[in-house]
Amino acid sequence: MQNETIVVIDFGGQYNQLIARRVREANVYCVVIPYTKSLEEIKAFAPKGIIFTGGPNSVYDKEAPKIDPGVFSLGIPVLGICYGAQMMSMMLGGNVQQANTREYGVVDVSLSESPLFKDIDPKNECLMSHTDKIEEVPEGFVVIGKTAHCPVAAFQDSKRNFYGVQFHPEVNHTPFGSRMIRNFLFEVCGCSGDWTMADYAKNYIVSAREKIGDKKVLCALSGGVDSSVAAILLSKAVGKQLVCIFVDHGLLRKNEGDEVEKVFRDQFDINLIRVNCEERFLSRLAGVEEPEEKRKIIGEEFIRVFEEEAKKIGRVDYLVQGTIYPDVIESGAGDASVIKSHHNVGGLPDYVDFKEIIEPLRNLFKDEVRKLGTELGIPEQLVWRQPFPGPGLAIRCIGDITKERLEILKDADFIFREEIAKAGLQREINQYFAVVTNMRSVGVMGDERTYDYTIALRAVTTTDFMTGEWARIPYDVLDVVSRRIVNEVKYVNRIVYDITSKPPSTIEWE
Ligand code: XMP
């Protein structure tokens, strides 16, 4: 049975998936559809409520997107946000004033009594980001929110259950925003909130099965959270019709290749091809010190190996990718300058013969992917794996990569991770790892002079990995890590801790 559905109608705003995410957080199923969908298509979802998102246009633009007016006669509650509120106001006979200056930022708002604001402090703050503003509400509506600049920051027609807000409830800068969206879902639309990630998995599996039929599906598995969850979801749908190729370039962390293989083969019985090609990668990388050069070589070689393996399988119909929503935003980021050429195991389509790409996680955020992974029974250590770059340890081995220095790095990194876990910090710090530098220095061990490598420890807290703070790891923990690495890992006699944030540093050293 299909769960109760909220339809989010997309007018091109930048926070649209965040609105969907807030709805899912309240355990209500939702779909995001473009505003160009017909009334019939909207009705087909039998929505309990409809949300119009914000968007970049002015309602006065010639090409301003509009919804089919029939939507206001369905007897379904509507919440318009920002552009969505202005459009609703205009279409129902209100007055929107065109403006030249944009209001952007967090401002004070006073809220009146409304089902939308149940249990919300009437003196509050909200994020505004708009140019045009609503001057007069349509007939049947009353104003329920004001700011200094905005006479109509929120309005309602409680008979028809139409609501509009000029601010953005979906972002954290509007502290009551999540609560307000919940009020819309539960107080206005009468949702019951019984949807879960297990339903997401179930529905996805049924629809994927229908779509794929008896065709073949290929997946490039990196062992990371996203590609793992995507692969397991697909394997639940089509079983052995799915083939996963796991290119083990030898640049994974200690024991990681074996752990991935074990989960996929033993626990999920997936058709897995593991290609061990450490030697191949190391010989291509020999003598290469320049970070971008390393990245390029690994990216190219990876595709080559994948292509060779895929050819052996023959034509496949579908290629699965673990793209998640933040990847979609980042890849749309336009012409920002390239700091590092990120290599993701995603970018393969040109090289393999297939009909279509499937991206089952395209609309999910990272924490939702983890929730889904847990639902699917994927072991905790895989679901909670910290991000790991495509070029792997190559960009944590400064300078020339040799087998010996890779071993040093793997062992030091293993100890660091083990101690962070022992200290219970593994969920607080978002990424932490060791780096083997190309610097050697003098030390003394017993009565002997040593001339060995310096290991750097890197740990950051961040929400988006675009910026980050160095983690304030307790000295005691750092002390244990330092002692253990020097004692247990040969050819290391000095440990340093990286105390730079991003920016100006980046998280990885290369
Ligand atoms: P930086 O070093 O740019 O890293 O601050 C930001 C985040 O991205 C990860 N990273 C990569 N991920 N392929 C990836 O899939 C890459 O080439 C790559 N380089 C960096 C990094 O680990 C951090 O989480």
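Read on for a plain summary of the structure.

## Brief notes about the sheet that holds strand β6 (residues 103–111)
- Ordered by their spatial adjacency, nine strands build an open sheet running β2-β1-β3-β4-β11-β10-β9-β6-β7, and the pairing between neighbours is mixed. Of all strands in the sheet, those with a lone pairing partner are β2 (29–34) and β7 (123–130), marking the two edges. Averaged over all adjacent pairs, the angle separating strand axes in this sheet is 25°, with direction ignored.
- Packed onto the sheet, helix α1 (residues 16–25) meets β1 (5–10), β2, β3 (49–52) and β4 (78–81) and runs at close to 160° relative to β2.

## Quick notes on the sheet that holds strand β13 (residues 242–248)
- Reading across the sheet, the five strands line up as β14-β13-β12-β15-β16 and stay open at both edges, with parallel pairing between neighbours. Each edge of the sheet is formed by a strand with only one pairing partner; in this case those strands are β14 (271–276) and β16 (356–358). Direction aside, neighbouring strands of the sheet carry axes that sit 25° apart on average.
- Here β13 pairs with β14 via six bridges, running parallel.

## Some remarks on the pairing of strand β17 (residues 431–445)
- Sheet topology note: the β17/strand β18 (residues 448–461) ladder contains 12 bridges and is antiparallel. By the bridge assignment, Arg 440 is partnered in β18 with Tyr 453.
- Turn length for the β17-β18 hairpin, with the two strands adjacent in sequence and antiparallel, is two residues, and the turn residue Gly 446 shows positive phi of about 65°.

## As for the pattern of salt bridges
- By the definition in use, this model includes 42 salt bridges.
- A salt bridge links Lys 211 to Glu 356; the shortest N-O distance between them is 2.6 Å. Highlighted residues: Lys 211 in helix α5 (residues 197–212) and Glu 356 in strand β16, separated in sequence by 145 residues.
- Looking at Lys 211, the relative accessible area reads 44%, which means it is partly exposed.
- Look at the salt bridges and you will find they share partners, linking Arg 280, Arg 284, Glu 300, Glu 301, Arg 304 and Glu 308 into a network.

About the thresholds
Residues numbered from 1 in each chain as written. Predicted model: local features only at pLDDT ≥ 70, side-chain atom pairs only at ≥ 80, totals over all residues. Heavy atoms only, no water. Pairing = 2+ DSSP bridges. Helix = DSSP H or I, 4+ residues; strand = E, 2+ residues; numbered from the N terminus. Axes fitted to C-alpha atoms, helices over the stretch in contact; angles between N-to-C directions. Contact = heavy atoms within 4.5 Å. Salt bridge = Lys/Arg side-chain N within 4 Å of Asp/Glu carboxyl O. Buried < 20%, exposed > 50% of the residue type's maximum accessible area, 1.4 Å probe, protein only.

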